[in-house]
Amino acid sequence: MKSLTSELKVFPLPRKWLNSLKAITKRSWSADLDDFIGQYNFATCFGTDCLLWSTNRRARERRVIYEGFWIGVFHEKRLLPSTSLVEKIFANNHFRAAIVVNDKASELFLYGRDVFETSVLTRYEPVDGIVAVLEPEEKSVIGFAHYDASCKCYRNLYDLSIFLRLLG
Amino acid sequence: MEEDVLEILKEIFVKPSEKAHELSSKYRILPYMAERYMRILGEAGAIEMLRSFEKPVKPVIRVNTLRISPDRLKSSLEDKGFKLERLPWCDSAFKIIEAPEQPSPGATLEYLKGYYYLHRDSSSLLPVLLLTHEYSGDILDACAAPGGKTTFLAEKVYGKGIVYANDLVLRRLRSLIGHITRMRIENVVVTWSDARKISKVFNRKFGRILLDAPCSGEGRISVDPGRRTRTSIYELALMVKREIELLDSLIDMLDDEGIIAYSTCSIAPEENEYVVSKILDKRKDVEVVPPPVKLFEYSPWIKRYGGMVFHEELDKCVRLWPHVHGTFGFTTCLLRRTRR
């Protein structure tokens, strides 16, 4: 692990993380991760939060801390795909493991709130694991959630406001 | 005090007059700044400019055209209560004339989806448009964070080049990475280093370099009133020294015939005309080139200030004055490397 300061670390994506991301994309969206990522994969961590990125550029200068395509996050000790990655998967395949939520729920979800079952307009099975949350107008991915039967809601795992919260 | 800083200080020092002290106290700026404005613009012009600092500058939405068309974004934001006006010299940018109470322009769904970058003002678009005019290839953005210009450069050379975005301040690089991921821009490589030592990072040269130098920010007083009194003349001399070092090191990173845009958000001639004149005095392999396109009526750089007479060719460089252009005070100068 290349530690540039106590706050920033940049390192090749560990095999365990890559396999975990592959398993998630296979299980939820029936997609082979290798079809969507580059040859070289890395993580950039600020404290305990990490961005995972992928590139085909072979040359890597000293002091490079990020480049290429954003493929995932490690946030609150959980590894999840990026919204960009899953949108690329949806562009090539049918929707799957996704819920389309109404306008109000989209807005609240982007404030970190959960989505109640009653706010779901469309379900694309399977929805019992990790699901992509889609806004109703363009059906773009605004974050990820998982179903919690105790509240009959989809718990927010992370949403696009992560950019404001994590990265300032 | 270091000898070269002392030398700079001697050259840029001006003794404030009584009138400058009067303006300084009325407009809450440092006396040397008031003296400078009077010498450059005359008393009436100085007062006009100082009054323009009180007027709020309209923020600008620059559309990420890789994700959405300007017209579609405009319509979508207007449905939310925004009133937007297209910039006459940049098709993909809109001034925010009115904004609803909620959502703020930096928290709309469209913003989070990466459909636009929110600039404090339109001036920062200028060096990008000048530097990328009819250009294909890689670009080094040497002091890149927080990323407004980087993301615009990347859009301009998308499919034709990579933007190498460097900065020294980690906290600001974090924001830069945030904007790149939010806007889903894939042709950017982010590096963390002191731009003065960047030859140790890149074993190559560049056809275009943007140096938006860390500066006093004296052109941004309208949005950051602390800048009225933040920079003593000694601190200004330190910044000038760093600006000269940055520009000098980065010219070494240019290809033959490569062009660097030196820009600052400062109206101080010490940070602009003085810096570039020092470089022209020192180096024989660089020349000033005029803007390749006239986007609007530019003001030229000034010819003399205090006891200093600047290079004639600096009249090809561009100044934006708050009281003339209705923007932040901002400067850009294009320099071409001619031979080794």
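Everything quoted here is computed from the prediction, not taken from an experiment. (Residues numbered from 1 in each chain as written. Chains lettered and ligands numbered in written order. Predicted model: local features only at pLDDT ≥ 70, side-chain atom pairs only at ≥ 80, totals over all residues. Heavy atoms only, no water.)

K.L.:
Looking at this structure, I do not really get the sheet that holds strand β1 (residues 60-63) of chain B. What am I missing?
P.N.:
One key point about sheets: their strands pair by backbone hydrogen bonds, in either a parallel or an antiparallel sense. Residues and elements named next belong to chain B. Read across the sheet, four strands follow the order β2-β3-β1-β4 without closing on themselves; strand pairing throughout is antiparallel. Strands at the two margins of the open sheet, each flanked by one partner only, are β2 (83-87) and β4 (116-119). Put simply, the sheet's adjacent strands are angled 30° from each other on average, direction ignored. Looking at chain direction, β1 and strand β3 (residues 90-98) are connected through three bridges and run antiparallel. Bridging across to β3, Val60 finds its partner in Lys95. Each of β1, β3 and β4 touches helix α7 (residues 148-156); the most contacted strand, β1, lies at about 30° to it. (Pairing = 2+ DSSP bridges. Helix = DSSP H or I, 4+ residues; strand = E, 2+ residues; numbered from the N terminus. Axes fitted to C-alpha atoms, helices over the stretch in contact; angles between N-to-C directions. Contact = heavy atoms within 4.5 Å.)

K.L.:
Is there a simple way to think about the environment of Ser84(A) in this case?
P.N.:
Tracing the backbone through its elements, the reader meets Ser84(A) in helix α2 (residues 83-92). Residue classification places Ser84(A) among the buried residues on the basis of a relative accessible area of 7%. Beyond its immediate sequence surroundings of up to four residues, Ser84(A) is in contact with Phe69(A), Trp70(A) and Arg184(B). (Buried < 20%, exposed > 50% of the residue type's maximum accessible area, 1.4 Å probe, protein only.)

K.L.:
Even after reading the chapter, I still don't get the domain arrangement of chain A, so can you show me in this structure?
P.N.:
How large an interface is tends to be reported as the accessible area lost when its parts come together. All names here are of chain A. Domain parsing of chain A yields domain 1 (4-82) and domain 2 (94-167). Contact with domain 1, which involves 15 residues of that partner, is made by 13 residues of domain 2. With both chains or domains summed, domain 1 and domain 2 bury close to 1,300 Å², and 70% of this area falls on carbon and sulfur atoms. Three residues stand out in domain 1 for area buried against domain 2, namely Trp29, His75 and Leu80, and they jointly supply 37% of the buried area on that side. One can count zero salt bridges joining domain 1 with domain 2. Of all the elements in the fold, those that place two or more residues in the side of domain 1 that touches domain 2 are α1 (15-29), β4 (49-55), β6 (69-75) and β7 (78-81). At four residues, α1 tops the list of elements feeding residues into the side of domain 1 that touches domain 2. When the residues that make up the side of domain 1 that touches domain 2 are grouped by side-chain class, the tally is eight nonpolar, four polar and three charged. (Domains from an automatic or database assignment. Buried area = accessible area lost by both parts, 1.4 Å probe. Salt bridge = Lys/Arg side-chain N within 4 Å of Asp/Glu carboxyl O. Nonpolar A, V, L, I, M, F, W, Y, C, P; charged D, E, K, R; others polar.)

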